[in-house]
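Reading the structure
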Amino acid sequence: MNRVVTRIPPSPTGRLHIGTARTALFNYLFARHAGGKVIFRSEDTDRARSKKEYEDEIIEGLHWLGIGWDEFARQSERTARYTELLEKVIAEGKAYVSKELAKDDPEREVEVVRLKNPGKEVVFEDLVRGPINTHTGELGDFVIARSRTDALYHFAVVVDDMDGGVTHIIRGEDHIPNTARQILIQEALGAERPQYAHLPLILDEKRAKLSKRSGATSVMDYRAEGFLPEALVNYLALLGWNPGDEREDFSLTELVGAFSVEGIQKSGAAWNREKLLSVNQRWMRKLSDDQFFAALEASRPDATELASVARRAVPLLKERARTFGEARALLSGELACLFAAPELSRETLRAKEGERGTAFTKAGLEAVLHAAEALPESPDAETAKAALMPLADAEEAKEKGGRGAMLWPLRYALSGQERSPDPFTLFALLGREESSARVKKAIAILGA
RNA sequence: GGCCUCGUCGUCUAAUGGUUAGGACGCCGCUCUUUCAAGGCGGCAAUACGGGUUCGAUUCCCGUCGAGGUCACCA
């Protein structure tokens, strides 16, 4: 039994696309599961469109996701080999040189190489879909090289797969129509036919092939937004594959163990950002507070230092943010009150006092101020609650609705927000000094 | 249009000849909180349609419809 060999063959003509990453992931998982080998191959035969910076980004992005390989190849470095085999098939009469007018410039005459198409039925067994039949007659004698020394994609791919000993070709469904012509080239070359598995496409909300126009399709954009590579891998794997049961939480290592072609889906899968966000949040919550904070710092677009209170706010961020980008937005939005004293409105401060009047609200806050004196400078939220909640309960005993009548102005005095974490958590994060100062300020506003 | 592929809740999917068709995301409600968020509990929601085969079809067969892919001297 041959050792499994798969390939990751991106074309460096654009950024690292989500679809490219998923196909790479499946090739990686399949090979690793079988204890096989992965070849990374930069398909840069189109010299006009290929760029080194794209190749760099693709490699960096794949590594970021945790996807690695055992061999690295670049098609632009193998032109001599393609030429050699081109000559061979021409000499054997399986292909021929054809003088034609250039497609892009009808003034110029070129000598392209065409494969002699036997025009037969090609049937191949797809590991996902079963037998697929193609009539290759319609293809005609298709072009396999721009010239005797300049092989085209289909020829280069077949040569590389043959030389690399590739046993399994796992790629997008959009390659099904290409398969027959590649098989024809294989047969001309006398190469062994590998196994094929065509993956369902990733679709956008309109159920069309996910493209740049569909929104964010670059893996690096997701990294910049503050997604975790573990989350992206987990989500990507479950788009078009499932373990056959109800498990959904998978690390890369667990995926390697669980992966099998039987679990690959046949129909296209729509990209769903909401689900990705939820997966990401789950992975963010697995981080310890220190890890979370480090990742948050690493996700900053600029080098601005985060205030130390942000470290203590991590538990809050964990329950509110689904990405590190959202966490940053929270710190400068809803949680900005942790860093600077808010502007307070007299109206909002009095929102819950009802018929009872300003003196009522003020008395509540003064009681808080008094009780706070007994608290340490940095109490934890539980301690603050233990000291302050009885006050609210006492108010409640006096008058119906009294508990909220005290808690609301307290929370608003500390946060300046109609929505915020609870007052005890805020008190703990802010510290006794700052909290008391804010309560005093609120009392002053009420008294004015 | 030719050729190819696909068709279970809105989305990702499980079950496959016999289940009240299960889970997850989202949505809705309740509950905790007299603010949010998180948590807990519950709910709505699907086998595209029409024929067969069968005691019985989501499952097997045929057709219809629908969706997607692909038709390069790109990859």
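Residues numbered from 1 in each chain as written. Chains lettered and ligands numbered in written order. Predicted model: local features only at pLDDT ≥ 70, side-chain atom pairs only at ≥ 80, totals over all residues. Heavy atoms only, no water.

Looking at the layout of surface pockets
- Taken as a whole, the largest pocket holds about 1,200 Å³ of empty space.
- Top element by residues in the lining of the largest pocket is helix H1 (residues 18-33). It accounts for six residues.
- For the lining of the largest pocket, a count of residues per class yields 14 nonpolar, 15 polar and 12 charged.
- Considering only enclosed or pocket space, the second largest pocket measures out at about 310 Å³ in volume.
- Of all the elements in the fold, those that place two or more residues in the lining of the second largest pocket are strand S4 (95-101), strand S5 (109-115) and strand S8 (143-147). (1 Å grid on protein atoms, 1.4 Å probe; cavity = no way out; pocket = protein on both sides within 12 Å on 5 of 7 lines; lining within 4 Å. Points joined across faces, edges and corners; volume = space filled by probe spheres on them. Helix = DSSP H or I, 4+ residues; strand = E, 2+ residues; numbered from the N terminus. Nonpolar A, V, L, I, M, F, W, Y, C, P; charged D, E, K, R; others polar.)

Digging into the sheet that holds strand S1 (residues 5-8)
- A sheet is described by the order of its strands in space; here three strands give the open sequence S1-S2-S3, paired in parallel fashion. Pairing within the sheet leaves two strands with one partner each, and these edge strands are S1 and strand S3 (71-74). Direction aside, the axes of adjacent strands within the sheet are offset by 25 degrees on average.
- As paired elements, S1 and strand S2 (residues 37-42) share four bridges and run parallel to each other. Residue pairing in the sheet places Arg7 in a bridge with Ile39 of S2.
- Strands S1 and S2 of the sheet are contacted by helix H4 (residues 153-164), whose axis makes an angle of about 150 degrees with S2. (Pairing = 2+ DSSP bridges. Axes fitted to C-alpha atoms, helices over the stretch in contact; angles between N-to-C directions. Contact = heavy atoms within 4.5 Å.)

A look at the domain arrangement of chain A
- When cut into domains, chain A gives domain 1 (287-332) and domain 2 (346-447).
- Averaged C-alpha coordinates put domain 1 and domain 2 at centres separated by 27 Å.
- Across the contact, five residues belong to domain 1 and four residues belong to domain 2.
- Both sides together, the interface formed by domain 1 and domain 2 hides about 380 Å², and carbon and sulfur atoms give 68% of it.
- Taken as a group, Arg312, Leu316 and Arg320 account for 83% of the area that domain 1 buries against domain 2, more than any other trio of residues on that side.
- On inspection of domain 1 and its partner domain 2, the count reaches zero salt bridges.
- For the pair domain 1 and domain 2, the interface holds one residue pair in polar contact (both at pLDDT 80 or more).
- Only helix H11 (308-312) and helix H12 (314-320) provide two or more residues apiece to the side of domain 1 that touches domain 2. (Domains from an automatic or database assignment. Buried area = accessible area lost by both parts, 1.4 Å probe. Salt bridge = Lys/Arg side-chain N within 4 Å of Asp/Glu carboxyl O. Polar contact = N/O pair within 3.5 Å; in protein donor to acceptor, adjacent residues only side chain to side chain.)

What about the packing of aromatic side chains?
- Taken as a whole, this structure holds 10 aromatic pairs when the rule is applied.
- Residues Tyr222 and Phe227 carry aromatic rings whose centres are separated by 5.3 Å and whose planes lie at 65 degrees to one another, so their mutual orientation is edge-to-face.
- Exposure remark for Tyr222: the relative accessible area of 3% places this residue in the buried category.
- By relative accessible area, which is 3% here, Phe227 ends up buried.
- Cluster of aromatic residues (ring-pair linked, three or more members): Phe26, Trp241, Phe250 and Phe259. (Phe/Tyr/Trp six-rings, centres within 6.5 Å; stacked < 30°, edge-to-face > 60°. Buried < 20%, exposed > 50% of the residue type's maximum accessible area, 1.4 Å probe, protein only.)

Remarks on helix H18 (residues 423-430)
- For H18, the buried fraction is high: eight of the eight residues fall into the buried class.
- Of the residues making up H18, those classed as buried are Pro423, Phe424, Thr425, Leu426, Phe427, Ala428, Leu429 and Leu430.
- Looking at the residues trailing H18, positive phi occurs at Gly431, about 90 degrees.

Here we look at the sheet that holds S4
- With respect to topology, four strands assemble into an open sheet ordered S4-S5-S8-S9, the strand pairing being antiparallel. With partners counted over all chains shown, the strands left at the sheet margins are S4 and strand S9 (150-151), one partner each.

Overview of the pattern of salt bridges
- Going through the model one piece at a time under the given rule, you end up with 47 salt bridges.
- Linked by salt bridges that have partners in common, Arg7, Arg41, Glu43, Arg78, Arg81, Glu84, Asp160, Asp161 and Asp163 make up one network.

A short note on the environment of Ala270
- With respect to the helices and strands, the residue Ala270 is situated in strand S13 (residues 269-270).
- Other than its neighbours up to four places away in sequence, Ala270 contacts Leu203, Asp204, Arg207, Tyr235 and Leu239.

What about helix H3 (residues 79-91)?
- Between its first and last C-alpha atoms H3 spans 18 Å; for 13 residues at 1.5 Å apiece the expected length is 18 Å, and the two agree.
- By the burial criterion, the buried members of H3 are Tyr82, Thr83, Leu85, Leu86, Val89 and Ile90.
- Where the residues of H3 are buried, they touch S4, S5, S8, S9, H4 and helix H5 (176-189).
- Just downstream of H3 lies Gly93, where phi reads positive at about 75 degrees. (Expected span 1.5 Å × (residues − 1).)

Comments concerning the packing of H18 against helix H19 (residues 432-447)
- Relative to each other, H18 and H19 sit at 120 degrees, their axes nearing to 6 Å. Classified by the interaxial angle, the pair formed by H18 and H19 is oblique. Across the interface between the two elements, Leu426, Phe427 and Leu430 from H18 touch Arg432, Glu434, Ser435 and Arg438 from H19.
- Of the residues belonging to the contact of H18 with H19, the class tally is three nonpolar, one polar and three charged. (Parallel < 35°, antiparallel > 145°, perpendicular 65-115°, else oblique.)

Brief notes about the pairing of strand S7 (residues 130-135)
- Strand direction decides the pairing type here: strand S6 (residues 121-126) and S7, joined by six bridges, are antiparallel. Bridging across to S7, Val122 finds its partner in Thr134.

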